[in-house]
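Breakdown of the fold
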Amino acid sequence: MIEKLYKAPIVYIMLAGILITAFLFNSMLKFADEGNVVMVILLGISIGIIAIFLTRALRYQRYSDLFPK
């Protein structure tokens, strides 16, 4: 299933990543105003996970043409 996501057009992957990251960052700022440190840390970690997924998808699409299966 992850490979299907990696093969999706990169514009869709980047757009989804930007929207999800913006929502998570906005939520993180709201929780920071409330003083909820645990949720701020968890949302920071989830933003990092989204960033890792985006870089892996970009790398997969870039190198999939160089090394055909």
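Everything quoted here is computed from the prediction, not taken from an experiment. (Residues numbered from 1 in each chain as written. Predicted model: local features only at pLDDT ≥ 70, side-chain atom pairs only at ≥ 80, totals over all residues. Heavy atoms only, no water.)

A short note on the overall build of the chain
What the chain contains, in helices and strands, is 3 helices and 0 strands. Sequence-ordered secondary structure for the chain, helices as α and strands as β, is α-α-α. Residues classed as buried in the chain amount to 16% of the 69 residues present. Of the contacts formed within the chain by residues at least 6 apart in sequence, a portion of 64% connects residues at least 24 apart. As displayed, the chain offers around 5600 Å² of accessible surface, 72% of which is attributable to carbon and sulfur atoms. (Helix = DSSP H or I, 4+ residues; strand = E, 2+ residues; numbered from the N terminus. Buried < 20%, exposed > 50% of the residue type's maximum accessible area, 1.4 Å probe, protein only. Contact = heavy atoms within 4.5 Å. Areas by Shrake-Rupley, 256 points an atom, 1.4 Å probe, with all protein chains shown as cover.)

As for the environment of I50
Assignment of secondary structure puts I50 in helix α3 (residues 37–64). For the pair I50 and L24, spaced 26 residues apart in the sequence, the C-alpha separation amounts to 9.9 Å.

A word on helix α2 (residues 10–34)
The first and last C-alpha atoms of α2 sit 36 Å apart over 25 residues, in line with the 36 Å expected at 1.5 Å per residue. Listed as buried for α2 are I13, G17, L24, S27 and M28. In the segment just after α2, G35 is the residue with positive phi, at about 85°. (Expected span 1.5 Å × (residues − 1).)

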